[in-house]
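# Structural characterization, general
So the chains spell out like this:
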Amino acid sequence: MSSLGQRLADIESRIDAATSKAGRQRSEIELIVVSKNHPAQMVLDLLELGVRSFGENRDQEAKPKSEEVAAQVAGKGYDYSWHFIGQLQSNKVRSALSYANVVHSVDRQSLLDAIIKATSERETPLDVFIQLNLTDDPGRGGIEPKNLLAFAEQVLAAPKLNLLGVMGVASLDRAPEVDFETIQQASQALIGVAPQAKFISAGMSEDFEAAIAFGATHLRIGSAITGKRQY
Ligand SMILES: *Cc1c(COP(=O)(O)O)cnc(C)c1O
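Residues numbered from 1 in each chain as written. Predicted model: local features only at pLDDT ≥ 70, side-chain atom pairs only at ≥ 80, totals over all residues. Heavy atoms only, no water.

## Digging into the overall build of the protein
A tally of helices and strands in the protein yields 9 helices and 8 strands. The C-alpha radius of gyration of the protein comes to 17 Å, within 12% of the 17 Å expected for a compact globule of 231 residues. Principal-axis analysis of the C-alpha atoms places the extent of the protein at approximately 50 × 45 × 30 Å. For the protein, long-range pairs separated by at least 24 residues make up 63% of all intrachain contacts whose partners lie at least 6 apart in sequence. In the form shown here, the protein has an accessible surface area of approximately 11,000 Å², with 49% of it arising from carbon and sulfur atoms. (Helix = DSSP H or I, 4+ residues; strand = E, 2+ residues; numbered from the N terminus. Rg over C-alpha atoms; globule rule 2.2 N^0.38 Å. Contact = heavy atoms within 4.5 Å. Areas by Shrake-Rupley, 256 points an atom, 1.4 Å probe, with all protein chains shown as cover.)

What follows is the structure in structure tokens.
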């Protein structure tokens, strides 16, 4: 097996182990392989290995990559999706929505307004997560947990948005469990007003097992699978 295939298999078995340890089902969890800083060829290799969900954090990189992948797989019938996981500038929303199936990083009012505008003519709603700010610094982007429900009400009121749940990136300054617990509590509060918005996007290469223990449903794993970023 290729080293890429080997790393993917290793992560899959660690996901399996963490899932059973948490008393959860593997089918509750979606693995998004973060392909940022790697070329389209890696996405093609991962498609061959069975991966169907890809994460990107910069529109300038993701748009041409997604187009190259689409051109290469035309006719192969792969059903795959792009997840936009990074900070999104409002003026990049239309571009990002030309390929992204899910936006994990709805993190501020101005971005929400731009997304609502850009989705007004869509037929099928856009899947989104609200990104939480887990730091004490309001300048860091993300919705503070105490403001989540007020912000969520606006997302829920947007006819062309489908709120999947909450997203968070654990701080490097402390044990990830602290932040995953905060995310899980925020998720519970959200479920109280919107039972369908029950998903949690959390967990990366260094902390996905802890995220699984705290209810993560969408793992965003990059370097542990893709290897060192190439650019
Ligand atoms: C890059 C990135 C990831 C993946 O990080 P790894 O440590 O490489 O697994 C996950 N989430 C976000 C928001 C990212 O930007």
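## Focus: the pattern of salt bridges
A full pass over the atoms with the stated rule returns 12 salt bridges. For Arg 26, the salt bridge is made with Asp 16, and the minimal N-O distance between the two is 3.8 Å. On the criterion of sequence distance, the pair formed by Arg 26 in the loop between helix H1 (3–21) and strand E1 (30–34) and Asp 16 in helix H1 is long-range, its members being 10 residues apart. Overall, the relative accessible area of 25% leaves Arg 26 in the partly exposed class. Given the relative accessible area of 39%, Asp 16 is considered partly exposed. Here Arg 108 ties to Asp 107 by a salt bridge, and the two come within 2.7 Å at their closest N and O atoms. Under the relative-accessibility criterion, Asp 107 is labelled buried at 3%. (Salt bridge = Lys/Arg side-chain N within 4 Å of Asp/Glu carboxyl O. Buried < 20%, exposed > 50% of the residue type's maximum accessible area, 1.4 Å probe, protein only.)

## Quick look at the environment of His 83
By the element assignment, His 83 lies in strand E3 (residues 81–84). Judged by its relative accessible area of 3%, His 83 falls in the buried class. Once residues within four sequence positions are removed from consideration, His 83 is found in contact with Glu 30, Ile 32, Ser 53, Phe 54, Gly 55, Glu 56, Val 102 and His 104. Looking at His 83, its side chain comes within polar contact range of the side chain of Glu 30, at 3.3 Å. (Polar contact = N/O pair within 3.5 Å; in protein donor to acceptor, adjacent residues only side chain to side chain.)

## Some details on a nonpolar patch on the surface
Together, Leu 149, Leu 156 and Val 193 line one region of the surface with nonpolar side chains, adding up to about 220 Å² of accessible area. Inspection of the secondary structure assignment puts Leu 149 in helix H6 (residues 148–157). Residue class for Leu 149 comes out partly exposed when judged on its relative accessible area of 32%. (Patch = residues over 30% accessible without salt bridge, like charges linked within 9 Å, V, L, I, M, F, W, Y side chains within 5 Å.)

## What to know about H6
The set of residues buried in H6 consists of Leu 148, Phe 151, Ala 152 and Val 155. The buried side chains of H6 occupy one side of the element, clustering within an arc of 100° when seen end-on. Among the exposed residues of H6, those oriented more than 90 degrees off its buried face are Ala 150, Glu 153 and Ala 157. Among the structural elements, strand E4 (102–106), helix H5 (109–119), strand E5 (126–131), strand E6 (161–167) and helix H7 (176–193) are those in contact with the buried residues of H6. (Arc of directions from axis to C-beta.)

## Quick look at the environment of Ala 202
Within the element layout of this structure, Ala 202 appears in the loop between strand E7 (199–201) and helix H8 (208–213). Note on Ala 202: relative accessible area 1%, which makes it buried. Ala 202 sits 52 residues away from Ala 150 along the chain, and the two C-alpha atoms are 22 Å apart. Setting aside anything within four residues of it in sequence, one finds Ala 202 in contact with Gly 168, Phe 180, Ile 183, Ala 211, Ala 216, His 218, Leu 219 and Arg 220.

## So, the nonpolar core
Core analysis: the largest hydrophobic core is formed by 67 residues, its most contacted members being Ile 15, Val 69, Val 103 and Ile 225. Sort the elements by how many residues they give to this core and helix H2 (residues 40–48) lands first, with 6 residues. Non-local contacts of Ile 15, meaning those with residues more than four positions away in its chain, are made with Arg 26, Ile 29, Leu 31, Phe 208, Ile 212, Leu 219 and Ile 221. (Core = buried A, V, L, I, M, F, W, Y, C linked by side-chain atoms within 4.5 Å.)

## Examining the packing of aromatic side chains
Counted according to the given criterion, the structure contains 3 aromatic pairs. Pairing Phe 54 with Tyr 80 gives two aromatic rings, centres 6.5 Å apart and planes at 75°, and the pair type is edge-to-face. Within this pair, whereas Phe 54 is found in strand E2 (residues 53–56), its partner Tyr 80 is found in the loop between helix H3 (59–73) and E3, the two being separated by 26 residues in sequence. For the residue pair Phe 54 and Tyr 80, the accessibility class agrees, reading buried in each case. With 5.6 Å between their ring centres and 45° between their planes, Phe 54 and Trp 82 make a pair best called tilted. Of the two residues, Phe 54 sits in strand E2 while Trp 82 sits in strand E3, which places them 28 residues apart along the sequence. Here Phe 54 and Trp 82 have matching classes, each one buried. An aromatic cluster is present here, built from Phe 54, Tyr 80 and Trp 82 joined pairwise through their rings. (Phe/Tyr/Trp six-rings, centres within 6.5 Å; stacked < 30°, edge-to-face > 60°.)

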